[in-house]
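Listed below are the residues making up each chain.
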Amino acid sequence: MNRIESALNTRSADFLANREHNLALAAALRQQQDAVRHQRPDRDMQRLARQNKLFVRDRLRQLLDPGTPFLELSTLAGNMEYDGEVPGAGVVTGIGIVSGREVMVNASDASVKGGAWYPLSVKKIVRATDIAVENRLPMVHLCDSAGGFLPLQAELFADRHFAGRIFRNQSILSKMGVPQVAIVLGHCTAGGAYVPALSDYSVIVRGNGAIFLGGPPLVKAATGEEVSAEDLGGCDVHTRLSGTADYPAGNEYEAIAIARDVVAQWQRPQKAQVEWQEPEAPYYDPRELYGIVPRDIKVQFDMREVIARMVDASRFHEYQPAYGPTLLCGFAHLWGYKVGILANNGVLFNDSAQKGCHFIALCNQNRTPLIFLQNITGFMVGRDYERRGITKDGAKMIMAVAGSEVPKFTVVCNGSFGAGNYGMSGRAFDPRFLFMWPQSQISVMGAEQAANVLADVKLRQLARDGEKLSPEQLAAIRDPVLEDYRRQSSALYSTSRLWDDGIIDPTDTRNALGIALSAALNQPIAPPSYGVFRI
Amino acid sequence: MLHAFLLDGEAHELWLGRSREGYCLHAGGRRIPVELLERGGHAHELIIDGDRYHVLIARRGDEVHVHLNGESHLLRYVDNLKRFAGDPMDEGDAVTRAPMPGSIIAVSVEVGQRVRRGDALMVIESMKMETTINAACDGAVQCLHVDVGQLIDKDALLITLDRSASE
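Residues numbered from 1 in each chain as written. Chains lettered and ligands numbered in written order. Predicted model: local features only at pLDDT ≥ 70, side-chain atom pairs only at ≥ 80, totals over all residues.

Bringing the overall build of chain A into the picture now. Broken down by element type, chain A carries 20 helices and 15 strands. Relative to a compact globule of 535 residues, whose C-alpha radius of gyration would be 24 Å, chain A shows 25 Å and is just as compact. Taking all 535 residues of chain A together, the buried fraction comes to 49%. Here the analysis covers contacts within chain A between residues at least 6 apart in sequence; of these, 76% occur between residues at least 24 apart. (Helix = DSSP H or I, 4+ residues; strand = E, 2+ residues; numbered from the N terminus. Rg over C-alpha atoms; globule rule 2.2 N^0.38 Å. Buried ≥ 20, exposed ≤ 12 C-beta atoms within 10 Å, placed from the backbone. Contact = placed C-beta atoms within 7 Å.)

Structure, rendered in structure tokens:
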């Protein structure tokens, strides 16, 4: 396998300007993540201390094996909602190592509104359980939630992927033989009561932990019965009398120690067999990625330079190097795992779409996981291309992506616009994980294109009545559209709404994908099968 | 969650992790490369961050006797389950209930009497079996809820112990 020959000039003015721009973005990302992870109003931290509760980050530190990586997902979820007052949507999720086993962690953050479930909290927990189901990942739930945030119940309760989905997914995990342990560290009220009840194992802390369908105020309102939380659903009630919880614990540390011992009893999974070799660091420095990604999204760059800073020894076996050159396809190793990479080097034409389709079939045939590196403005438009069947060729690629049985991973490196997002395994195509780079943008079309299309529609309406628009009137149409598109196509907006699994620093991509690949291989890979290709 | 060891009575939190080169010890926020090579019998060569030491190591259960630089040390592993086991101040332990319906055939303590965990408190007969009820914790008998000969239901209160009376 040949090493990619980098043509990058690390002394060029462009490289240096890009690097400065992207380093600033990476620093801003780290600062935002740090705030979400650690900064809380004093009164909230004091309340936790008064309640004799650990902060969620300290609980995680106790839970996870020291010195092992934790791939936190959707850290900035909710950053553009709820006036920014629900950091991380009040939940921490991620893949970590507990007692030597890969697990999905779902931890309530009681420092944020008592751990109440906002609509995006529910979406984040559902996503975590979806990932667990798709990848056969055991789960550890750290439960400490006040329950659904009642003022917004219409957006979190009834629909197919709302709160009920958490309990459905927990049940399916159990049916699949994938174990879960819940640690009850605070109150689990109403729906939240089912998280420990549906876990195969549960630990409950004496004093703080409680599980009940209706808390004391609701019971009083419903039947007039006055009862304390401890007497209604405390540790002794559930571990001695009801059998709703399994292990009593005297404090949080003991509860976590018991849960770690429970996980230590679980059978280690048989991983799907894929090609693997001893890992090797990239030959080219991943920090040079900062100088490659352009500060202006419209500027094209060679994805080979990105691949060279992501894969083992920077080696890349390029498939069909001369055909359909706007879509790079080829094999590489990432943290030792053999992968097939599809990366955009321009707009998708008929030939590039066909090439992608063929390459996906090859990877399914020889059980090679797929990585999509997106920088895509869409499929080519125009009379010639329609006559050559660009829609049909795009449909072929989408059919191959959707029908793919090997695990898929998507990284939005720059632009992700229009149907190109579909062909390159966007969120709707169930990549096992989808990450965004900080400067990337995602929308049905670019901001300027959308503003121009809408202005053009208005101009033609007025032209029918013989009217014209002044430059000011034109700007009044264009500017709000531009502004909305810019905001709503930003990576921060995407990650706020969980259209992705998190924004990552480009230099972390290799590690994030390594953890994601390892997790995905818990699920056996089915033989290739597709729908009908429109040949 | 780090492992806990007592070294000559003093607690240390440690973790042995993997690294590309081998093992590394996580201690006090630092990662120190370590290696332990067997040299026959109790003799070992211990390499800590490149420095080599000759040590004698003998293990018995959770205790490790280490002889290093002419000094002997006792290292004891404390399982986190035991280390964090909460103060068993649990009302449930202090209140003894009937494990099944039956009758009381003997009571071996009286109110005020001090008992230790495991002491026999009374005997009940049920289902052709005699079952001894033992104290679940140390304490003093605060209240005897039943008399000899009395019929009892499952979960009936038998004895309440006052745990604060245990020294």
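Read on, since the account is not over.
What follows concerns the packing of helix 4 (residues 119-135) of chain A against helix 5 (residues 164-176) of chain A. To describe two helices that pack against each other, one gives the angle between their axes and the distance between the axes. Residue and element names in this part refer to chain A. At a minimum axis distance of 9 Å, the contact between helix 4 and helix 5 shows a crossing angle of 20°. If you check the angle between helix 4 and helix 5, you find them roughly parallel. Along this stretch, helix 4 crosses helix 5, giving a crossing that reads as left-handed. In this structure, helix 4 uses Ile125, Val126, Thr129, Asp130, Ala132 and Val133 to contact helix 5, whose residues at the interface are Arg165, Ile166, Asn169, Gln170, Ile172 and Leu173. (Axes fitted to C-alpha atoms, helices over the stretch in contact; angles between N-to-C directions. Parallel < 35°, antiparallel > 145°, perpendicular 65-115°, else oblique. Left-handed = near helix turned anticlockwise from the far one by under 90°.)

Bringing the sheet that holds strand 2 (residues 10-18) of chain B into the picture now. Pairing is antiparallel around the closed barrel formed by eight strands, whose spatial order is 1-2-3-4-5-6-7-8 (chain B). Averaged over all pairs of adjacent strands, the angle between strand axes in this sheet comes to 35°, irrespective of strand direction. (Pairing = 2+ DSSP bridges.)

So, about the interface of chain A and chain B. Facing 17 residues of chain A, the contacting portion of chain B comprises 16 residues. Sorting the residues of the side of chain A that touches chain B by element identifies helix 3 (56-63), helix 9 (235-242) and helix 10 (252-264) of chain A as the ones contributing at least two each. Counting residues per element, the side of chain A that touches chain B draws most heavily on helix 10 of chain A, at seven residues. Taken together, the residues that form the side of chain A that touches chain B break down as seven nonpolar, four polar and six charged. (Nonpolar A, V, L, I, M, F, W, Y, C, P; charged D, E, K, R; others polar.)

Domain assignment breaks chain A into domain 1 (1-39 + 271-443 + 491-535), domain 2 (40-264) and domain 3 (447-488). Computed from C-alpha coordinates alone, the two centres of domain 1 of chain A and domain 3 of chain A are separated by 34 Å. (Domains from an automatic or database assignment.)

Before going further, it helps to spend a moment on unusual backbone geometry. Residues and elements named next belong to chain A. Its identity is not glycine, yet Ser74 carries a phi of approximately 45°, on the positive side. Following the sequence through the fold, Ser74 ends up in the loop between strand 1 (71-73) and strand 2 (91-98). Look at Arg367: it is not a glycine, yet its phi comes out positive at around 55°. Here Arg367 is to be found in the loop between helix 13 (350-365) and strand 12 (370-376). With 17 C-beta atoms counted inside 10 Å, the residue Arg367 sits in the partly exposed group.

The next thing to look at is the packing of helix 13 of chain A against helix 15 (residues 390-403) of chain A. Residue and element names in this part refer to chain A. As a packed pair, helix 13 and helix 15 sit with axes 8 Å apart at the nearest point and diverge in direction by 20°. Here helix 13 lies roughly parallel to helix 15, going by the angle between them. In this structure, the crossing between helix 13 and helix 15 has a hand that is left-handed. From helix 13, Asn350, Ala353, Gln354, Gly356, Cys357, Ile360 and Ala361 reach across to helix 15, where they touch Ile390, Asp393, Gly394, Lys396, Met397, Ala400 and Val401. A per-class count over the contact of helix 13 with helix 15 returns eight nonpolar, four polar and two charged.

To continue, consider the nonpolar core. Residues and elements named next belong to chain A. With 143 residues, the main nonpolar core has Val140, Ile183, Val184, Ala259 and Ile307 as its most contacted residues. Of the residues that make up this core, three or more belong to each of domain 1 (1-39 + 271-443 + 491-535) and domain 2 (40-264). Setting aside anything within four residues of it in sequence, one finds Ala259 in contact with Val140, Val181, Ile183 and Val203. (Core = buried A, V, L, I, M, F, W, Y, C linked by C-beta atoms within 7 Å.)

A word on the confidence of the model for chain B. Residue and element names in this part refer to chain B. For chain B, the average pLDDT comes to 90, and 94% of its residues sit at 70 or higher. Highest mean pLDDT in chain B belongs to strand 5 (residues 43-48) (96); lowest belongs to helix 2 (residues 91-94) (68). Model confidence for the complex is summarised by a pTM of 0.91, with the ipTM given as 0.78. (pLDDT = per-residue confidence, 0-100.)

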